[in-house]
Amino acid sequence: LLVPHGLDPQARSLWSDHAEALPTLLQERDLAGAVERTAGGRLYVVDTARPSRIGSVAKVLDRFSEVIALDTHPSEADDLPRAPLPEAASCTAALACLIAERGLAPTAIEAGVMLVGIHVDTGHFTFPGTTSVDHQGAAHCVAWGGDPAWVGKYAPRGLTRRELFLLEEMAHNARHISVHGMPVVIVHMESKD
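Summarised in this report is the structure supplied together with it. What you see as residue numbers is a count from 1 along each chain, following the sequence as written. Note on the predicted model: pLDDT of at least 70 is required for a residue's local features to be given, and 80 or more for side-chain atom pairs to be given and counted; whole-chain, interface and lining totals, by contrast, use all residues. Hydrogens and water molecules were not included; the side-chain quantities draw on all heavy atoms of the structure.

## A look at the side chain of H18
Then step 1. Numbering of helices and strands runs from the N terminus, with a helix taken as a DSSP run of H or I at least four residues long and a strand as a DSSP run of E at least two residues long. Relative to the elements of secondary structure, H18 occurs in the loop between α1 (9-17) and α2 (31-38).
Then step 2. On the basis of relative accessible area, H18 is assigned to the buried category, the value being 13%.
Then step 3. Should any heavy atoms of two residues lie within 4.5 Å, those residues are counted as being in contact. With near-sequence residues (within four places) excluded, H18 lies in contact with I109, W150 and Y154. Each residue is assigned to one of three classes by its accessible area relative to the maximum for its type, calculated with a 1.4 Å probe on protein chains only: buried under 20%, partly exposed between the two thresholds, exposed over 50%.

## A closer look at the pattern of salt bridges
Then step 1. A pair is scored as a salt bridge if a Lys or Arg side-chain nitrogen falls within 4 Å of a carboxyl oxygen belonging to Asp or Glu. Applying the stated criterion across every chain, the model contains seven salt bridges.
Then step 2. In this structure, R42 engages E66 in a salt bridge whose closest nitrogen and oxygen atoms are separated by 2.9 Å. Of this pair, R42 sits in strand β1 (residues 42-46) while E66 sits in strand β2 (residues 66-70); the two residues are 24 residues apart in sequence, bridging distant segments of the chain.
Then step 3. Given the relative accessible area of 48%, R42 is considered partly exposed.
Then step 4. Classification of E66 by relative accessible area gives partly exposed; the value is 33%.
Then step 5. For the salt bridge of D71 with R82, the shortest nitrogen-to-oxygen distance reads 3.3 Å.

Okay, structure coming up:
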């Protein structure tokens with residue numbers, strides 16, 4: 001597994017907290033060796049079919065006998081060849097449904113990772129394009145032992161009403177200055193709590 005542009009802080013935290021039960025993530029510097037070991041095999045590109053979004057992996061696509069994109073985003077002319085997936089906002093949810101259809105089951109930790117991914121991809125089922133497949137995929141993850149508490153721990157939520165108020169207050173108190181030709185914004189704010 002390689003995440004070309006790295007993990008966001010929440011995903012990094014989840015992966016780190018459960019590293020013993022999850023595959024090691026390759027770093028970009030490991031790519032050449034990994035390609036040497038797997039050249040001629042099949043490469044799966046997940047959550048995108050666009051070569052422009054896979055970083056240095058795009059430079060080695062020709063080293064594989066087959067490249068298959070697993071993606072639920074709208075297709076474009078220069079996309080990699082795609083595997084058929086059910087319509088969903090979350091690629092992970094679509095994959096969870098296919099895994100369940102085949103009678104397979106990931107470990108509880110893998111299911112937890114998938115459940116968090118579904119929540120992030122769908123904005124907790126509020127993003128446009130969210131379908132029943134997203135809900136079904138999440139249900140499979142919970143049935144496989146995915147811990148719903150992980151969603152609150154690892155999936156970032158929007159700002160609370162109080163946080164939005166503080167952000168607005170900060171914006172009103174922002175002072176823009178220039179220091180040695182560089183723009184700087186200074187915010188001063190006091191809060192009783």
